[in-house]
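Results of the structural survey
Spelled out, the chains give:
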Amino acid sequence: MTPLNILYQDEYLVAVHKPSGLLVHRSALARGETEFLLQRLRDQLGKRVYPVHRLDRPTSGVIVFALSSTVAGLLSEAFSERQVEKRYLAVVRGKAPESERLDYPLGEEDGSRPKAEMPAMPAMTDIRRLDSAELPVQVDRYPVARYSLVEARPLTGRRHQIRRHLSRRGYPIIGDAKHGKSVHNRFFAEQMGAPRLLLAATYLAFDHPLLAKRVQLSCALDETMIALFHHLGWAGHLPLDSVRTPPLVTPSALQAL
């Protein structure tokens, strides 16, 4: 089994590139599954790891685990308090807006109750169109097919938030079997060599829970999305694996300046 790509590790936490199609951990919705990111990382490191946030199974990209329950609690609180900056790249149908805030309440989808009984919760996502492409093929009812590369920054953490927000706005993510459009999903799978959800978590930034530094992580795309970006002329937007850990600026340091 190919080792996981570790983007960052210290004595308190570890960040890895989650492959598309891999569940993060066991859950009631994962009956019958035998392979999970948490177990693979635990076996690779030879120590326990603790999840602090999630990525959908088909989504790839950067994800952080704690190396103790104490650190897991601190990081989980940072995520729940919206103290973590997250960026995603998505390939969507149509020419997306240049920039827009999507502010649509969403019902939670945790499987505990029927969706109709789940209350709608506030949900906001900032999106920005980075590039677009027009293909001279008729995929749907139009003689040409238009697609966009979108950067999405979720400001809240609802399940499937980016996927649901973009779909509701009219720009579903390619490869999204639940919220997308099958004819475009099939075209990318069969003609473009991209049979997966084209959504990747490419950036994560947070204050380290125990060290006086900010952790800024950039995550490259997988081979499928890299090849697609080259094909569509979007190679200039490809992220690279990188880590920056600038020191935190404390109030006393600001006064000294």
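These lines cover the structure that appears in this document, whether it is placed above or below.

What follows covers the overall build of the protein. On a plain count of helices and strands, the protein comes out with 6 helices and 13 strands. Here the protein has a C-alpha radius of gyration of 19 Å; the compact-globule value for 257 residues is 18 Å, and the two agree. Dimensions along the principal axes, computed over C-alpha positions, put the protein at roughly 60 × 50 × 40 Å. Counting only residues that meet the buried cut, the protein has 46% of its 257 residues in that class. Across the protein, every contact between residues at least 6 apart in sequence was considered, and the portion connecting residues at least 24 apart equals 65%. With an accessible surface of roughly 13,100 Å², the protein has 49% of that area assigned to carbon and sulfur atoms. For the protein, the distance from the average site of its 35 positive side-chain charges to the average site of its 27 negative ones is 3 Å.

Next up on the list: the nonpolar core. In terms of nonpolar packing, the biggest core is built from 48 residues, with Phe65 and Phe206 touching the most fellow members. Discounting residues that sit within four places of it in the chain, phenylalanine 206 has contacts with Leu13, Val64, Leu75, Gln83, Val84, Lys213, Arg214, Val215 and Leu217. One finds Phe188, Met192, Ala194 and Leu232 within the second-largest nonpolar core, a separate group that totals 21 residues.

Estimates place the volume of the largest pocket at around 690 Å³. Listed by contribution, the elements that provide at least two residues to the lining of the largest pocket are α2 (69-80), β5 (85-93), β10 (145-154), α3 (161-169) and β11 (199-207). In terms of residue class, the lining of the largest pocket is built from 13 nonpolar, 8 polar and 10 charged.

Right, let's talk about helix α1 (residues 37-45) for a bit. Taken residue by residue, α1 has Leu37, Leu38, Gln39, Arg40 and Leu41 as its buried positions. Residues of α1 that are buried sit in contact with β2 (13-18), β3 (50-51) and β4 (60-66). Looking at the residues trailing α1, positive phi occurs at glycine 46, about 75 degrees.

On to empty space enclosed by the protein. One pass over the structure, following the stated rule, counts 1 cavity of 30 Å³ or more. Of the pockets and cavities examined, the largest cavity occupies roughly 30 Å³. The residue makeup of the lining of the largest cavity, split by class, is 3 nonpolar, 3 polar and 2 charged.

What counts and what doesn't
- Every chain is numbered independently, its residues counted from 1 as its sequence is written.
- This being a predicted model, a pLDDT of at least 70 is required before a residue's local features are given, and a value of 80 or more before pairs of side-chain atoms are given or counted; all residues contribute to the totals for chains, interfaces and linings.
- Water and hydrogen atoms play no part in the side-chain values, which are based on all heavy atoms of the structure.
- Where helices and strands are cited, they refer to DSSP runs of H or I of at least four residues and of E of at least two residues respectively, numbered from the N terminus.
- To get the radius of gyration, use the C-alpha atoms; to get the globule rule, take the number of residues to the power 0.38 and multiply by 2.2 Å.
- Only protein chains enter the accessibility calculation, which uses a 1.4 Å probe; a residue is then buried when its area is under 20% of its type maximum, exposed when over 50%, and partly exposed in between.
- Only heavy atoms matter for contacts: two residues are in contact if any of them lie within 4.5 Å across the pair.
- All accessible-area figures derive from a Shrake-Rupley calculation using a 1.4 Å probe, and residue coverage is judged against the displayed protein chains alone.
- In this tally Asp and Glu are treated as negative and Lys and Arg as positive; neither His nor the chain ends contributes.
- Where a charge lies is defined by one atom per residue type, namely NZ (Lys), CZ (Arg), CG (Asp) and CD (Glu).
- Throughout, nonpolar core names a set of buried Ala, Val, Leu, Ile, Met, Phe, Trp, Tyr and Cys residues whose side chains join them through atoms within 4.5 Å.
- A 1.4 Å probe that fits into a set of points on a 1 Å grid over the protein atoms alone but cannot get out defines a cavity; an open set with protein on both sides within 12 Å along at least five of seven lines defines a pocket, and lining residues are those with an atom within 4 Å of a point.
- Grid points are joined across faces, edges and corners, and a volume is the space filled by probe spheres set on the points.
- Put simply, Ala, Val, Leu, Ile, Met, Phe, Trp, Tyr, Cys and Pro go in the nonpolar bin, Asp, Glu, Lys and Arg in the charged bin, and everything else, Gly too, in the polar bin.

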